[in-house]
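# Working through the structure, step by step
Below, each chain spelled out in residue letters.
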Amino acid sequence: MWNEILSELRTEVSPESYETWLEPIQEVGLEGDGTLRLATPNDSVVLMLKVEYRQRILDAAARLALPVREIDAAVRSTPAPAAIANTRYGPAVQQTLDFKDRSASFNEKYSFQSFVVGSCNEFAHAAAQAVAANPARAYNPLYIYGGVGMGKTHLIHAIGQQLQSNFSGMRVVYVSSEQFMNEMIHSLRYDKMSSFHERFRTADALLIDDIQVLGSRERTQEEFFHTFNALHNLGKQIVISSDMPPKQVPGLVDRLKSRFAWGLMADIQAPDLETKMAIIDRKADEAGLVLPEDVRAMLATQLKSNIRELEGLLLRLTAISSMASRHVGDRVPINAAMAKQALRSIAGSADQASLASIMDAVAQEFDLQAEQLRQKSNTKAIAYPRQIAMYLCKNVLSMSLPEIGRAFGGKHHTTVLHSINKIVKLRRSDAKLDDLLHRLNDRFN
Ligand code: ADP
Ligand code: MG
């Protein structure tokens, strides 16, 4: 039963949440009264289940017409599976959630300067600039919303970096909503709510990304509500991003919806043709690619609105043109045939997610041959891409640890586990990696 519920939930929560909180749970059994007993690797997972996932699980069970009325979770005591689960989820979760003295880390690439302005995003861009110039005066909160890959995170990072450079010493706190929730659970678990409050309520500006993630997570929303009020009362700037306007975010409580309406809503629309052209030109320029006119036009008309996808396409074009060259380091001029080849691999059905396509894609990103990922080599140049490929095999293909081990030249499952954990952890602090994983994920989904 739990497996059925899991696959239902898998489509609803982020891969990160899924891996951290749901996947390690095992079913113990169903009681006569409809209570589904679950075993978890540690207290944090029990708490998270009770606080944030109970209703979702019950809803999923109802949709699947399963006879589950209630859930009950406890830390499992059986040593065998727990031994693995603990290495994976116990210490890993605790380490990654240790948020003491972590200052906001921004991706330098995401600046106002590198943001291409067009009619689709000029309003959001102007609002973001106003906030960065006049925090807590212009618009508070600023709520930016738009579809996937349209530049919300980019704008938020730009605001954060601009604030820090405009006002030295300003405490800018940037978190994803996911992180906010994880830190809250961690703080509840370890009785550290006061430091949690301090971290968020002493910010001069709070930038919180992807607020839709908090939909239906009532406890976290309550906490965020108090954070919001505390900061707003102190006249501190709050910036929120979401994939939808507040009214449409499923499971967002009314009092937050009404708070968000106090400030300014700024939407980012899908880029029009002209903006797409401008973005293509800018990104090609940054990548040192020269695009003939027919290729520019082809890319702009055939690409969908996701700008991350566009970036992936240009990277792929770069790879295609370097591979076509006989001389290392040289590139063959881009032509329409190459563009078609690159588009084929990205458009529509995306890449068929398979072990081979994941290995190819990762190898390409690192200028390696897919074969090399299977080699025994432990040099960083190979080990790091291999860890990324393993992570994707788990996330995209749901392969088991031993399967992944076999696919990568016979690695032990604990090595695989270690590799995947490393990427999970690293991705939170390394914006470049996070970006890459997003792009690769998009390609296979
Ligand atoms: P979102 O958070 O809305 O899903 P991101 O901010 O992560 O999207 O943007 C996806 C990628 O597209 C990033 O690499 C970002 O730099 C790029 N991007 C998005 N919009 C623009 C823009 N207007 N100009 C330049 N790059 C952009
Ligand atoms: Mg984003």
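Residue numbering note: each chain is counted from 1, following its sequence as written. Key to labels: chains lettered from A, ligands numbered from 1, both in the order written. Local features in this predicted model are restricted to residues of pLDDT 70 or higher, and side-chain atom pairs are both shown and tallied only at a pLDDT of 80 or more, whereas totals for entire chains, interfaces and linings draw on every residue. Calculated side-chain values reflect all of the structure's heavy atoms, with hydrogen atoms and water omitted.

## What about the overall build of the protein chain?
The number of helices and strands found in the protein chain is 19 helices and eight strands. For the radius of gyration, the atoms used are the C-alpha atoms, and the globule rule reads 2.2 Å times the number of residues raised to 0.38. Computed over the C-alpha atoms, the radius of gyration of the protein chain is 23 Å, within 12% of the 22 Å expected from 2.2 N^0.38 for a compact globule of 445 residues. The principal-axis extents of the C-alpha atoms in the protein chain amount to approximately 65 × 60 × 40 Å. When a residue's accessible area, from a 1.4 Å probe over protein chains only, is under 20% of the maximum for its type it is buried; when over 50% it is exposed; and in between it is partly exposed. Going through the 445 residues of the protein chain one by one, you find that 52% of them count as buried. Counting contacts in the protein chain only where the partners sit at least 6 residues apart, residues at least 24 apart contribute 73% of the total. Helix and strand definitions follow DSSP, with helices as H or I runs of at least four residues and strands as E runs of at least two, each counted in order from the N terminus. Every residue pair with non-hydrogen atoms within 4.5 Å of one another is taken to be in contact.

## As for the environment of Arg-171
Structurally, Arg-171 can be placed in the loop between helix H6 (152-166) and strand S5 (172-176). Since its relative accessible area comes to 34%, Arg-171 is described here as partly exposed. Along the sequence, Arg-171 and Gly-263 sit 92 residues apart, while their C-alpha atoms lie 21 Å from each other. If near-sequence neighbours (up to four positions away) are discounted, Arg-171 is found in contact with Glu-198, Arg-199, Thr-202, Ala-203, Asp-204 and Ala-205.

## Examining the nonpolar core
Core analysis: the biggest nonpolar cluster contains 50 residues, and Trp-2, Ile-5, Leu-22, Tyr-53, Phe-224 and Phe-260 have the highest contact counts within it. Per-element accounting of this core gives the leading share, nine residues, to helix H3 (residues 43-63). Those residues in contact with Tyr-53 that lie beyond four places of it in its chain are Val-13, Ser-17, Trp-21, Leu-22, Met-48, Met-181 and Arg-217. We define the nonpolar core as a collection of buried residues of types Ala, Val, Leu, Ile, Met, Phe, Trp, Tyr and Cys that are connected through side-chain atoms lying within 4.5 Å of one another. Among the nonpolar cores identified, the runner-up in size contains 32 residues, and Ile-382, Cys-393, Val-396 and Val-424 belong to it.

## Describing the packing of aromatic side chains
Ring geometry is summarised as follows: Phe, Tyr and Trp rings, the Trp one being its six-membered ring, pair when their centres sit within 6.5 Å, and such pairs are stacked at plane angles under 30 degrees, edge-to-face over 60 and tilted between the two. Under the counting rule described, the total for this entry stands at twelve aromatic pairs. An angle of 50° between the planes, with centres 5.9 Å apart, marks the rings of Phe-106 and Tyr-174 as tilted. You can see Phe-106 sitting in the loop between helix H4 (79-96) and helix H5 (122-133) and its partner Tyr-174 sitting in strand S5, a full 68 residues away along the chain. Assigned by exposure class, Phe-106 and Tyr-174 land together as buried. On the numbers, 4.9 Å between centres and 65° between planes, the contact of Phe-180 with Phe-200 is edge-to-face. Taken together, the residues span a long stretch of sequence, with Phe-180 in helix H7 (residues 177-189) and Phe-200 in helix H8 (residues 193-201) at a distance of 20 residues. Residue classification places Phe-180 among the buried positions, given a relative accessible area of 0%. Look at Phe-200 and you get buried, because its relative accessible area is 0%. One aromatic cluster is present, formed by Tyr-143, Tyr-145, Phe-180, Phe-196, Phe-200, Phe-224, Phe-228, Phe-260 and Trp-262 through successive ring pairs. Ring-over charges, as used throughout, are those where CZ of Arg or NZ of Lys falls within 6 Å of the ring centre and within 35 degrees of the ring normal. Taking the ring centre of Tyr-384 as reference, the NZ or CZ of Lys-380 above it sits at 5.0 Å.

## Observations concerning the site of ligand 1
Near residues are defined by distance, with any heavy atom within 4 Å of the molecule or strand qualifying the residue. The immediate surroundings of ligand 1 are formed by 17 residues, with Gly-149, Lys-152, His-154, Arg-308 and Glu-311 found nearest. The separation between an oxygen atom of ligand 1 and a polar main-chain atom of Gly-149 is 2.7 Å. Interatomic distance of 3.2 Å between a backbone N/O atom of Met-150 and an oxygen atom of ligand 1. When the free accessible area of ligand 1 is taken as 560 Å², the share hidden by the protein chains comes to 97%. We call two N or O atoms a polar contact when they sit within 3.5 Å, provided that within protein one can donate a hydrogen and the other can accept it, with sequence-adjacent residues counted only if both atoms are side-chain atoms. Note on areas: Shrake-Rupley, 1.4 Å probe, and residue coverage restricted to the protein chains presented here.

## A short note on the pairing of strand S3 (residues 70-75)
Two strands qualify as a pair provided DSSP detects at least 2 bridges between them. With six bridges connecting them, strand S2 (residues 35-40) and S3 associate as parallel partners. Residue pairing for S3: Leu-36 is matched across the bridge by Ile-71.

## Digging into the packing of helix H2 (residues 15-22) against H3
What describes two packed helices is the angle between their axes and the distance between those same axes. Where H2 meets H3, the closest approach of the two axes is 10 Å, and the angle between their N-to-C directions is 125°. Accordingly, the angle class assigned to the pair H2 and H3 is oblique. Listed contacts from H3 to Ser-17, Thr-20, Trp-21 and Leu-22 of H2 are Ser-44, Val-45, Met-48 and Tyr-53. Three categories are distinguished: nonpolar for Ala, Val, Leu, Ile, Met, Phe, Trp, Tyr, Cys and Pro, charged for Asp, Glu, Lys and Arg, and polar for the others, with Gly belonging to the last. In terms of residue class, the contact of H2 with H3 is built from five nonpolar, three polar and no charged. Axis lines are fitted to C-alpha atoms, over the contacting stretch for helices. Their N-to-C directions set the angle, which ranges from 0 to 180 degrees. Comment on the angle field: the value is read as roughly parallel under 35 degrees, roughly antiparallel over 145, roughly perpendicular from 65 to 115, and oblique elsewhere.

## Let's talk about unusual backbone geometry
Pro-141 follows Asn-140 through a cis peptide bond whose omega is -5°. Within the secondary structure layout, Pro-141 lies in the loop between H5 and strand S4 (142-146). Backbone geometry at Ala-136 places phi at a positive 65°, although glycine is not the residue there. On the basis of relative accessibility, which here comes to 28%, the residue Ala-136 falls in the partly exposed class. With a phi angle near 60°, Asp-210 is a residue other than glycine that sits in the positive phi range. With respect to the helices and strands, Asp-210 occurs in the loop between strand S6 (205-209) and helix H9 (218-233).

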